[in-house]
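As a plain string of letters, each chain reads:
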Amino acid sequence: MKLTSEEKDMLAGKYGEGIALAMEIQQAIGEAFEAERMVEISRVHVALSNQEADLWFVEKLLKKGNKCRISPTVNPPYNLEYFKNYIEFTQEEVDIIERTRKAYREIGATLTYNCTPYLENNIPRFKEVVAFSESSATPYINSIYGARTNRESAQSALCAAMTGRVPEYGLLLEENRRGQVLVEVEAKIKSDFDYQLLGYTFPRMNDYHDTIPVFVGLPDKISSEALMNLGAQLNTAGAVSLYHIVGYTPEAPNIKAAFQNHQPRNKMVIKDEDIQETYSSISDKKGEIDFALFGCPHLTIKQIEQIVNVLGSRKFSVPFWVCVSNLTKSLARKMGYLDTIKSAGGHLVTETCIDQPCWKFLSGKKGVTDSPKCAYYTKRRNMSFYIADLSRATEAAIKGELR
Ligand code: F3S
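Since we're looking at a predicted model, the values are computed, not measured.

1. Overview of the sheet that holds strand β2 (residues 44-46)
Point 1. Read across the open sheet, the 3 strands follow the order β3-β2-β4; overall the sheet is parallel. What marks the edges here is a single partner per strand, and that holds for β3 (73-74) and β4 (131-132).
Point 2. As judged from the 2 bridges shared by β2 and β4, these two strands associate in the parallel manner. Each residue of the ladder has a partner; that of V44, found in β4, is A131.

What follows is the structure in C-alpha coordinates.
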(Lines give C-alpha, C1' and ligand atoms only; values in the text may rest on other atoms or scores of the structure.)
Protein backbone atom coordinates (compact mmCIF):
# COMPACT_ATOMS: atom_id res chain seq x y z
CA MET A 1 0.00 0.00 0.00
CA LYS A 2 1.06 3.53 -0.67
CA LEU A 3 1.17 5.49 2.58
CA THR A 4 1.50 9.25 2.94
CA SER A 5 4.41 10.57 4.97
CA GLU A 6 2.07 11.21 7.91
CA GLU A 7 0.80 7.62 7.74
CA LYS A 8 4.37 6.33 7.59
CA ASP A 9 5.14 8.41 10.66
CA MET A 10 2.11 6.92 12.41
CA LEU A 11 3.41 3.45 11.59
CA ALA A 12 6.90 4.34 12.82
CA GLY A 13 5.53 5.45 16.19
CA LYS A 14 6.04 9.20 15.86
CA TYR A 15 2.53 9.81 17.26
CA GLY A 16 2.67 7.11 19.91
CA GLU A 17 2.61 3.35 20.18
CA GLY A 18 -1.20 3.04 20.22
CA ILE A 19 -1.54 4.82 16.90
CA ALA A 20 1.36 2.77 15.51
CA LEU A 21 -0.36 -0.51 16.45
CA ALA A 22 -3.70 0.66 15.01
CA MET A 23 -2.00 1.67 11.75
CA GLU A 24 -0.13 -1.64 11.57
CA ILE A 25 -3.42 -3.54 11.87
CA GLN A 26 -5.09 -1.33 9.27
CA GLN A 27 -2.20 -1.75 6.88
CA ALA A 28 -2.54 -5.53 7.20
CA ILE A 29 -6.30 -5.31 6.56
CA GLY A 30 -5.65 -3.09 3.57
CA GLU A 31 -3.12 -5.51 2.12
CA ALA A 32 -5.49 -8.43 2.64
CA PHE A 33 -8.11 -6.59 0.57
CA GLU A 34 -5.58 -5.23 -1.93
CA ALA A 35 -6.24 -1.61 -0.99
CA GLU A 36 -3.92 0.83 -2.69
CA ARG A 37 -4.00 3.54 -0.06
CA MET A 38 -5.52 4.88 3.14
CA VAL A 39 -8.25 7.52 3.10
CA GLU A 40 -9.19 9.98 5.80
CA ILE A 41 -12.44 9.50 7.68
CA SER A 42 -14.58 11.85 9.71
CA ARG A 43 -16.83 9.62 11.84
CA VAL A 44 -16.69 6.29 13.62
CA HIS A 45 -19.10 4.04 15.47
CA VAL A 46 -17.69 1.16 17.53
CA ALA A 47 -20.00 -1.76 18.29
CA LEU A 48 -18.32 -2.53 21.60
CA SER A 49 -19.39 -5.95 22.75
CA ASN A 50 -18.52 -5.90 26.43
CA GLN A 51 -16.77 -9.23 26.06
CA GLU A 52 -13.28 -10.23 27.15
CA ALA A 53 -11.70 -10.03 23.70
CA ASP A 54 -13.12 -6.56 23.10
CA LEU A 55 -11.91 -5.39 26.49
CA TRP A 56 -8.45 -6.92 25.90
CA PHE A 57 -8.11 -4.99 22.64
CA VAL A 58 -9.24 -1.57 23.85
CA GLU A 59 -7.08 -1.85 26.99
CA LYS A 60 -4.10 -2.92 24.88
CA LEU A 61 -4.41 0.24 22.76
CA LEU A 62 -5.04 2.36 25.83
CA LYS A 63 -1.96 1.09 27.66
CA LYS A 64 0.15 2.20 24.73
CA GLY A 65 -0.84 5.72 25.60
CA ASN A 66 -2.92 7.19 22.80
CA LYS A 67 -6.44 8.53 22.52
CA CYS A 68 -8.79 8.40 19.54
CA ARG A 69 -8.20 11.10 16.96
CA ILE A 70 -11.90 10.83 16.08
CA SER A 71 -14.16 10.22 19.04
CA PRO A 72 -16.39 7.26 18.16
CA THR A 73 -19.96 6.76 19.36
CA VAL A 74 -20.35 3.33 20.97
CA ASN A 75 -22.82 0.46 21.33
CA PRO A 76 -24.54 -0.38 24.61
CA PRO A 77 -22.75 -2.70 27.06
CA TYR A 78 -25.30 -3.30 29.83
CA ASN A 79 -26.70 -1.41 32.70
CA LEU A 80 -25.24 -2.99 35.81
CA GLU A 81 -27.21 -0.80 38.22
CA TYR A 82 -30.53 -1.73 36.64
CA PHE A 83 -29.92 -5.47 36.36
CA LYS A 84 -28.65 -5.82 39.94
CA ASN A 85 -32.37 -5.96 40.77
CA TYR A 86 -32.74 -9.15 38.73
CA ILE A 87 -29.54 -11.14 39.01
CA GLU A 88 -26.43 -11.52 41.04
CA PHE A 89 -23.43 -10.78 38.84
CA THR A 90 -20.20 -12.64 39.32
CA GLN A 91 -17.20 -10.50 40.23
CA GLU A 92 -15.76 -11.31 36.82
CA GLU A 93 -18.86 -9.94 35.05
CA VAL A 94 -18.78 -6.78 37.16
CA ASP A 95 -15.07 -6.31 36.35
CA ILE A 96 -15.61 -6.69 32.61
CA ILE A 97 -18.42 -4.18 32.48
CA GLU A 98 -16.70 -1.61 34.69
CA ARG A 99 -13.37 -1.92 32.90
CA THR A 100 -15.06 -1.72 29.48
CA ARG A 101 -16.80 1.53 30.38
CA LYS A 102 -13.60 2.95 31.88
CA ALA A 103 -11.42 1.93 28.93
CA TYR A 104 -13.73 3.47 26.31
CA ARG A 105 -14.06 6.65 28.37
CA GLU A 106 -10.29 6.97 28.72
CA ILE A 107 -9.58 6.24 25.08
CA GLY A 108 -11.81 9.15 24.15
CA ALA A 109 -15.10 7.61 22.99
CA THR A 110 -18.37 9.54 23.06
CA LEU A 111 -20.34 7.39 25.48
CA THR A 112 -23.68 7.26 23.70
CA TYR A 113 -24.17 3.55 24.50
CA ASN A 114 -26.83 3.02 21.89
CA CYS A 115 -27.05 1.09 18.63
CA THR A 116 -28.86 3.66 16.49
CA PRO A 117 -26.37 6.58 16.47
CA TYR A 118 -27.27 7.15 12.82
CA LEU A 119 -30.68 8.44 13.96
CA GLU A 120 -29.37 10.66 16.74
CA ASN A 121 -25.90 12.10 16.86
CA ASN A 122 -23.59 10.43 14.37
CA ILE A 123 -25.06 11.30 10.98
CA PRO A 124 -22.88 11.54 7.90
CA ARG A 125 -23.54 13.44 4.70
CA PHE A 126 -23.69 12.00 1.18
CA LYS A 127 -20.37 10.38 0.11
CA GLU A 128 -18.70 11.08 3.45
CA VAL A 129 -16.16 8.32 4.22
CA VAL A 130 -16.66 6.86 7.69
CA ALA A 131 -16.03 3.68 9.70
CA PHE A 132 -19.13 2.10 11.23
CA SER A 133 -19.58 -1.27 12.89
CA GLU A 134 -23.01 -2.51 14.11
CA SER A 135 -25.39 -4.44 11.91
CA SER A 136 -28.27 -1.97 11.58
CA ALA A 137 -25.90 1.01 11.36
CA THR A 138 -23.75 -0.03 8.40
CA PRO A 139 -26.60 -0.47 5.87
CA TYR A 140 -28.31 2.72 7.05
CA ILE A 141 -25.12 4.75 6.63
CA ASN A 142 -24.41 3.31 3.18
CA SER A 143 -27.88 3.02 1.76
CA ILE A 144 -29.95 5.83 3.26
CA TYR A 145 -27.33 8.55 3.63
CA GLY A 146 -25.17 7.41 0.71
CA ALA A 147 -22.11 7.78 2.94
CA ARG A 148 -19.36 5.14 2.65
CA THR A 149 -18.33 2.55 5.15
CA ASN A 150 -17.21 -1.03 5.04
CA ARG A 151 -18.74 -3.54 7.41
CA GLU A 152 -16.25 -2.83 10.17
CA SER A 153 -15.67 -4.91 13.27
CA ALA A 154 -15.52 -3.20 16.66
CA GLN A 155 -11.73 -3.57 16.53
CA SER A 156 -11.16 -2.28 12.99
CA ALA A 157 -13.48 0.65 13.72
CA LEU A 158 -11.52 1.45 16.88
CA CYS A 159 -8.27 1.40 14.88
CA ALA A 160 -9.89 3.84 12.44
CA ALA A 161 -10.83 6.10 15.35
CA MET A 162 -7.18 6.03 16.49
CA THR A 163 -5.62 6.90 13.14
CA GLY A 164 -8.44 8.83 11.44
CA ARG A 165 -7.90 6.62 8.38
CA VAL A 166 -9.28 3.48 6.75
CA PRO A 167 -7.80 1.35 3.98
CA GLU A 168 -9.65 2.11 0.75
CA TYR A 169 -11.35 -1.06 -0.46
CA GLY A 170 -14.81 -2.64 -0.73
CA LEU A 171 -17.76 -0.28 -0.36
CA LEU A 172 -15.53 2.79 -0.26
CA LEU A 173 -14.98 2.37 -4.00
CA GLU A 174 -17.66 3.60 -6.38
CA GLU A 175 -17.61 0.50 -8.60
CA ASN A 176 -18.21 -1.83 -5.65
CA ARG A 177 -21.42 -0.04 -4.75
CA ARG A 178 -23.12 -1.17 -7.92
CA GLY A 179 -26.36 -3.12 -7.43
CA GLN A 180 -26.08 -6.86 -8.05
CA VAL A 181 -29.56 -8.35 -7.91
CA LEU A 182 -32.84 -6.76 -8.94
CA VAL A 183 -35.48 -7.55 -6.33
CA GLU A 184 -39.02 -6.95 -7.52
CA VAL A 185 -41.21 -6.69 -4.46
CA GLU A 186 -44.70 -7.79 -5.41
CA ALA A 187 -45.61 -8.49 -1.79
CA LYS A 188 -47.66 -5.83 -0.03
CA ILE A 189 -45.20 -4.08 2.24
CA LYS A 190 -47.28 -1.78 4.41
CA SER A 191 -46.13 -1.65 8.01
CA ASP A 192 -42.71 -1.04 9.57
CA PHE A 193 -42.80 -4.69 10.65
CA ASP A 194 -43.16 -5.84 7.04
CA TYR A 195 -39.67 -4.43 6.45
CA GLN A 196 -38.31 -6.74 9.17
CA LEU A 197 -39.74 -9.68 7.23
CA LEU A 198 -38.56 -8.35 3.89
CA GLY A 199 -35.07 -7.98 5.36
CA TYR A 200 -35.14 -11.66 6.34
CA THR A 201 -36.73 -12.83 3.10
CA PHE A 202 -34.09 -11.50 0.71
CA PRO A 203 -31.21 -13.54 2.23
CA ARG A 204 -33.47 -16.59 2.60
CA MET A 205 -34.25 -16.58 -1.13
CA ASN A 206 -30.86 -15.33 -2.29
CA ASP A 207 -29.18 -18.34 -3.88
CA TYR A 208 -26.64 -16.17 -5.66
CA HIS A 209 -24.76 -14.85 -2.62
CA ASP A 210 -25.27 -11.34 -3.96
CA THR A 211 -25.02 -8.82 -1.21
CA ILE A 212 -26.22 -5.62 -2.89
CA PRO A 213 -29.95 -5.89 -3.61
CA VAL A 214 -31.81 -3.26 -5.61
CA PHE A 215 -35.44 -3.14 -4.50
CA VAL A 216 -38.24 -1.98 -6.77
CA GLY A 217 -41.95 -1.93 -5.93
CA LEU A 218 -41.70 -0.50 -2.41
CA PRO A 219 -43.97 2.36 -1.28
CA ASP A 220 -42.96 5.99 -1.93
CA LYS A 221 -42.95 6.80 1.75
CA ILE A 222 -40.87 4.69 4.11
CA SER A 223 -40.33 5.59 7.76
CA SER A 224 -36.91 5.76 9.42
CA GLU A 225 -38.05 2.91 11.67
CA ALA A 226 -38.90 0.74 8.66
CA LEU A 227 -35.45 1.42 7.17
CA MET A 228 -33.80 0.66 10.49
CA ASN A 229 -35.69 -2.66 10.56
CA LEU A 230 -34.85 -3.50 6.96
CA GLY A 231 -31.11 -2.88 7.39
CA ALA A 232 -30.93 -4.71 10.73
CA GLN A 233 -32.47 -7.87 9.29
CA LEU A 234 -30.67 -7.75 5.92
CA ASN A 235 -27.32 -7.49 7.64
CA THR A 236 -28.05 -10.01 10.40
CA ALA A 237 -29.50 -12.63 8.08
CA GLY A 238 -27.46 -11.93 4.97
CA ALA A 239 -24.38 -9.74 5.65
CA VAL A 240 -25.91 -7.00 3.47
CA SER A 241 -24.15 -3.69 4.16
CA LEU A 242 -25.60 -1.75 1.23
CA TYR A 243 -28.90 -1.89 -0.61
CA HIS A 244 -30.66 0.42 -3.01
CA ILE A 245 -34.34 1.30 -3.28
CA VAL A 246 -35.06 2.69 -6.72
CA GLY A 247 -36.47 6.20 -6.57
CA TYR A 248 -35.72 6.47 -2.89
CA THR A 249 -32.09 5.97 -1.84
CA PRO A 250 -29.54 8.56 -3.02
CA GLU A 251 -27.51 6.31 -5.29
CA ALA A 252 -30.58 4.88 -7.02
CA PRO A 253 -32.65 7.64 -8.62
CA ASN A 254 -33.50 5.04 -11.29
CA ILE A 255 -32.65 1.42 -12.13
CA LYS A 256 -29.84 2.34 -14.50
CA ALA A 257 -28.08 4.41 -11.85
CA ALA A 258 -28.53 1.70 -9.21
CA PHE A 259 -26.72 -0.77 -11.48
CA GLN A 260 -24.25 1.87 -12.72
CA ASN A 261 -25.43 1.31 -16.31
CA HIS A 262 -24.82 -2.46 -16.13
CA GLN A 263 -27.36 -5.26 -16.33
CA PRO A 264 -28.38 -6.90 -13.02
CA ARG A 265 -26.40 -10.09 -12.38
CA ASN A 266 -29.58 -11.75 -11.14
CA LYS A 267 -33.28 -11.11 -10.64
CA MET A 268 -35.70 -12.16 -7.96
CA VAL A 269 -39.40 -11.62 -7.21
CA ILE A 270 -40.67 -11.50 -3.62
CA LYS A 271 -44.37 -12.27 -3.25
CA ASP A 272 -46.76 -12.25 -0.31
CA GLU A 273 -46.35 -16.01 0.14
CA ASP A 274 -42.56 -15.60 0.41
CA ILE A 275 -42.98 -13.08 3.22
CA GLN A 276 -45.46 -15.46 4.88
CA GLU A 277 -43.02 -18.34 4.54
CA THR A 278 -40.31 -16.26 6.22
CA TYR A 279 -42.64 -15.44 9.08
CA SER A 280 -43.66 -19.09 9.56
CA SER A 281 -40.01 -20.14 9.53
CA ILE A 282 -39.03 -17.76 12.34
CA SER A 283 -42.11 -17.65 14.58
CA ASP A 284 -45.19 -19.48 15.74
CA LYS A 285 -48.35 -17.46 15.24
CA LYS A 286 -49.77 -17.59 18.77
CA GLY A 287 -49.27 -18.84 22.28
CA GLU A 288 -48.68 -17.89 25.93
CA ILE A 289 -45.72 -15.75 26.88
CA ASP A 290 -43.64 -15.19 30.02
CA PHE A 291 -42.26 -11.74 29.13
CA ALA A 292 -41.88 -9.09 26.40
CA LEU A 293 -38.56 -7.69 25.15
CA PHE A 294 -38.42 -4.99 22.46
CA GLY A 295 -35.70 -2.66 21.24
CA CYS A 296 -33.29 -4.53 18.98
CA PRO A 297 -32.29 -2.08 17.51
CA HIS A 298 -33.19 0.46 20.19
CA LEU A 299 -36.71 1.79 19.68
CA THR A 300 -37.30 5.41 18.70
CA ILE A 301 -39.63 7.86 20.43
CA LYS A 302 -42.19 7.29 17.66
CA GLN A 303 -42.22 3.59 18.46
CA ILE A 304 -42.60 4.32 22.17
CA GLU A 305 -45.59 6.47 21.31
CA GLN A 306 -47.04 3.56 19.34
CA ILE A 307 -46.71 1.29 22.40
CA VAL A 308 -48.36 3.89 24.63
CA ASN A 309 -51.25 4.33 22.21
CA VAL A 310 -51.93 0.58 22.21
CA LEU A 311 -51.54 0.40 25.99
CA GLY A 312 -53.94 3.16 26.99
CA SER A 313 -54.63 2.84 30.73
CA ARG A 314 -54.22 -0.96 30.82
CA LYS A 315 -51.48 -2.92 32.60
CA PHE A 316 -48.97 -5.45 31.38
CA SER A 317 -49.60 -8.95 32.64
CA VAL A 318 -46.02 -10.12 32.00
CA PRO A 319 -42.66 -8.38 32.60
CA PHE A 320 -42.18 -5.81 29.84
CA TRP A 321 -38.84 -4.32 28.79
CA VAL A 322 -37.88 -1.96 25.97
CA CYS A 323 -34.23 -1.13 25.23
CA VAL A 324 -33.84 2.53 24.27
CA SER A 325 -31.19 5.22 24.02
CA ASN A 326 -30.70 7.82 26.75
CA LEU A 327 -32.16 10.43 24.39
CA THR A 328 -35.32 8.40 23.75
CA LYS A 329 -35.83 7.76 27.45
CA SER A 330 -35.39 11.42 28.23
CA LEU A 331 -37.94 12.37 25.56
CA ALA A 332 -40.33 9.68 26.83
CA ARG A 333 -40.04 11.16 30.32
CA LYS A 334 -40.81 14.67 29.11
CA MET A 335 -43.69 13.51 26.94
CA GLY A 336 -45.34 11.47 29.71
CA TYR A 337 -44.83 8.12 27.95
CA LEU A 338 -42.41 6.87 30.59
CA ASP A 339 -44.99 7.40 33.35
CA THR A 340 -47.63 5.54 31.33
CA ILE A 341 -45.33 2.57 30.73
CA LYS A 342 -44.13 2.53 34.35
CA SER A 343 -47.68 2.67 35.69
CA ALA A 344 -48.50 -0.33 33.53
CA GLY A 345 -45.55 -2.22 35.09
CA GLY A 346 -43.16 -1.81 32.12
CA HIS A 347 -39.59 -0.55 31.86
CA LEU A 348 -37.55 1.50 29.42
CA VAL A 349 -33.97 0.32 29.89
CA THR A 350 -31.00 2.36 28.68
CA GLU A 351 -27.39 1.45 27.90
CA THR A 352 -28.34 -2.18 27.37
CA CYS A 353 -28.43 -4.63 24.51
CA ILE A 354 -30.59 -7.75 24.22
CA ASP A 355 -27.44 -9.75 23.41
CA GLN A 356 -25.79 -9.40 26.82
CA PRO A 357 -25.52 -11.75 29.81
CA CYS A 358 -27.72 -9.45 31.91
CA TRP A 359 -30.76 -11.27 30.45
CA LYS A 360 -29.67 -14.71 31.61
CA PHE A 361 -32.48 -14.81 34.18
CA LEU A 362 -34.83 -15.30 31.19
CA SER A 363 -33.15 -18.55 30.15
CA GLY A 364 -35.72 -21.22 29.34
CA LYS A 365 -38.57 -18.70 29.10
CA LYS A 366 -40.73 -17.72 26.15
CA GLY A 367 -41.20 -14.08 25.21
CA VAL A 368 -42.64 -11.85 22.55
CA THR A 369 -40.59 -9.39 20.51
CA ASP A 370 -41.02 -7.24 17.44
CA SER A 371 -37.50 -8.08 16.22
CA PRO A 372 -36.37 -11.22 14.36
CA LYS A 373 -32.80 -10.19 15.20
CA CYS A 374 -33.62 -10.28 18.91
CA ALA A 375 -35.18 -13.74 18.56
CA TYR A 376 -32.16 -15.00 16.64
CA TYR A 377 -29.40 -13.65 18.90
CA THR A 378 -30.99 -14.74 22.17
CA LYS A 379 -31.22 -18.40 21.15
CA ARG A 380 -27.72 -18.84 22.54
CA ARG A 381 -29.05 -17.81 25.95
CA ASN A 382 -31.82 -20.39 25.68
CA MET A 383 -34.54 -17.75 25.30
CA SER A 384 -37.30 -18.26 22.74
CA PHE A 385 -39.69 -15.81 21.14
CA TYR A 386 -42.88 -15.25 19.28
CA ILE A 387 -42.36 -12.43 16.81
CA ALA A 388 -45.09 -9.90 15.99
CA ASP A 389 -45.45 -6.29 14.95
CA LEU A 390 -45.07 -3.72 17.72
CA SER A 391 -48.80 -3.21 18.29
CA ARG A 392 -49.65 -6.90 18.37
CA ALA A 393 -46.61 -7.67 20.53
CA THR A 394 -47.67 -4.92 22.98
CA GLU A 395 -51.18 -6.36 23.06
CA ALA A 396 -49.65 -9.78 23.81
CA ALA A 397 -47.75 -8.29 26.78
CA ILE A 398 -51.06 -6.95 28.10
CA LYS A 399 -52.93 -10.21 27.59
CA GLY A 400 -50.10 -12.58 28.50
CA GLU A 401 -50.40 -14.36 25.20
CA LEU A 402 -50.04 -13.69 21.49
CA ARG A 403 -53.45 -14.12 19.87
FE1 F3S B 1 -28.76 -3.13 19.44
FE2 F3S B 1 -27.88 -5.23 20.71
FE3 F3S B 1 -29.82 -5.50 19.03
S4 F3S B 1 -26.66 -3.59 19.89
S5 F3S B 1 -29.36 -3.99 17.49
S6 F3S B 1 -29.90 -4.31 20.93
S7 F3S B 1 -28.17 -6.93 19.33
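2. Considerations on the site of the ligand
Point 1. The local shell around the ligand consists of N75, C115, E134, G295, C296, P297, C353, I354, K373 and Y377.
Point 2. Those elements that place two or more of their residues in the shell around the ligand are β11 (291-299) and α15 (372-377).
Point 3. Here the residues of the shell around the ligand are counted per class, giving 6 nonpolar, 2 polar and 2 charged.
Point 4. Residues lining the shell around the ligand come from more than one domain, with at least three contributed by each of domain 1 (5-174) and domain 3 (283-402).

3. Some thoughts on the domain arrangement of the protein chain
Point 1. Partitioning the protein chain into structural domains gives domain 1 (5-174), domain 2 (178-280) and domain 3 (283-402).
Point 2. The C-alpha centroid of domain 3 is placed 26 Å from the C-alpha centroid of domain 2.
Point 3. For the pair domain 2 and domain 3, the summed buried surface comes to about 1,300 Å²; carbon and sulfur atoms form 56% of the total.
Point 4. A per-residue breakdown of the area domain 2 buries against domain 3 is headed by F193, E225 and Y279, which together make up 41% of the total.
Point 5. At the boundary of domain 2 with domain 3, the tally comes to 1 salt bridge.
Point 6. Between K302 and E225 there is a salt bridge; the shortest N-O distance is 3.3 Å.

Calculation rules
- Residues numbered from 1 in each chain as written.
- Predicted model: local features only at pLDDT ≥ 70, side-chain atom pairs only at ≥ 80, totals over all residues.
- Heavy atoms only, no water.
- Pairing = 2+ DSSP bridges.
- Helix = DSSP H or I, 4+ residues; strand = E, 2+ residues; numbered from the N terminus.
- Near = heavy atom within 4 Å.
- Nonpolar A, V, L, I, M, F, W, Y, C, P; charged D, E, K, R; others polar.
- Domains from an automatic or database assignment.
- Buried area = accessible area lost by both parts, 1.4 Å probe.
- Salt bridge = Lys/Arg side-chain N within 4 Å of Asp/Glu carboxyl O.

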